[in-house]
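Below are the chains, spelled out letter by letter.
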Amino acid sequence: ITTSVSIDTDTTSGGYGQHGRHVKISNGANVINIQCVSTSNADFVASYEKLGTSNITFTAGVGITLTTLSGTAILSGAVGSKACLSRNGNIYYLQITNY
């Protein structure tokens, strides 16, 4: 997904959703947020790779709890840093590896 604005877990690119995919986020020098929303697949799971130089922050939407397993919700490392996001009920679990 090439973007300079905030998105949510329902955002698609080229007709492909994020669920079950490894999503490359190309945000350039733009800080963006990815909001975890309740309308995404109930068994949502996706991995993310940062291709830009600025931070990508994961946030919880209405009625959603975001649990950070790595102690941070900010993908702030170098290009190639990764995140894994999964949903169980209304709880999203996030694991971030910043390089």
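Treat the numbers as computed from the prediction; the structure is a model and nothing was measured.

1. A look at the overall build of the chain
Turning to step 1, where the next piece is worked out: If you tally the helices and strands in the chain, you get zero helices and nine strands.
Turning to step 2, where the next piece is worked out: For the chain, the succession of helices and strands along the chain, N to C, is β-β-β-β-β-β-β-β-β.
Turning to step 3, where the next piece is worked out: Radius of gyration (C-alpha) of the chain: 12 Å, near the 13 Å computed for a compact globule of 99 residues.
Turning to step 4, where the next piece is worked out: C-alpha atoms of the chain, sized along the principal axes, occupy 35 × 30 × 20 Å.
Turning to step 5, where the next piece is worked out: When contacts within the chain are restricted to residue pairs at least 6 apart in sequence, those whose partners lie at least 24 apart make up 66%.
Turning to step 6, where the next piece is worked out: With 5 positive and 4 negative side-chain charges, the chain shows a spacing of 9 Å between the two charge centroids.

2. Side note on the state of the cysteines
Turning to step 1, where the next piece is worked out: Scanning the entire structure with this criterion turns up zero disulfides.
Turning to step 2, where the next piece is worked out: Note on Cys36: no disulfide assigned, nearest cysteine sulfur contributed by Cys84 at a separation of 12 Å.
Turning to step 3, where the next piece is worked out: With a relative accessible area of 0%, Cys36 lands in the buried category.

3. Some details on the pairing of strand β3 (residues 32–36)
Turning to step 1, where the next piece is worked out: Because side chains alternate across β3, one face comprises the buried residues Ile32, Ile34 and Cys36, and the other comprises Asn33 and Gln35, none of which is buried.
Turning to step 2, where the next piece is worked out: Across two bridges, the pairing between strand β1 (residues 7–8) and β3 is parallel. Residue Asp8 lies in a different strand from β3, and its bridge partner there is Gln35.
Turning to step 3, where the next piece is worked out: Relative to strand β5 (residues 56–60), β3 is paired through five bridges, and the arrangement is parallel. In the strand pairing of β5, Ile34 is matched with Phe58.

4. With respect to the environment of Ser6
Turning to step 1, where the next piece is worked out: Inspection of the secondary structure assignment puts Ser6 in the segment before β1.
Turning to step 2, where the next piece is worked out: Between the C-alpha atom of Ser6 and that of Phe58, which follows or precedes it by 52 residues, the distance is 9.9 Å.
Turning to step 3, where the next piece is worked out: With near-sequence residues (within four places) excluded, Ser6 lies in contact with Ile32 and Asn33.
Turning to step 4, where the next piece is worked out: In this structure the side chain of Ser6 is engaged in a polar contact, spanning 3.2 Å, whose partner is the backbone nitrogen of Asn33.

Conventions we followed
Numbering of residues starts from 1 in every chain and runs along the sequence as written. Local features in a predicted model are, by the rule used here, given only for residues with pLDDT of at least 70; side-chain atom pairs are given and counted only at 80 or more, and totals for whole chains, interfaces and linings are based on all residues. Side-chain metrics in this entry use all non-hydrogen atoms of the structure; hydrogen atoms and water are not considered. Strands here are runs of E lasting at least two residues and helices are runs of H or I lasting at least four, both read from the DSSP assignment and numbered beginning at the N terminus. Only C-alpha atoms enter the radius of gyration; for comparison, a globular chain is expected to reach 2.2 Å times N to the power 0.38, where N is the number of residues. What makes two residues a contact is simply this: any of their non-hydrogen atoms within 4.5 Å. Charge counting follows a simple rule: Lys and Arg are positive, Asp and Glu are negative, and His as well as the terminal groups are ignored. In this description, the location of a charge corresponds to atom NZ of lysine, CZ of arginine, CG of aspartate or CD of glutamate. Disulfides are defined in this document as cysteine sulfur pairs within 2.5 Å. Residue exposure (1.4 Å probe, protein chains only): buried if accessible area is under 20% of the type maximum, exposed if over 50%, otherwise partly exposed. Note on pairing: DSSP must find at least two bridges between two strands before they are called paired. Polar contacts, as used here, are pairs of N or O atoms within 3.5 Å; protein pairs need one atom able to donate a hydrogen and one able to accept it. Residues neighboring in sequence count only if both atoms are side-chain atoms.

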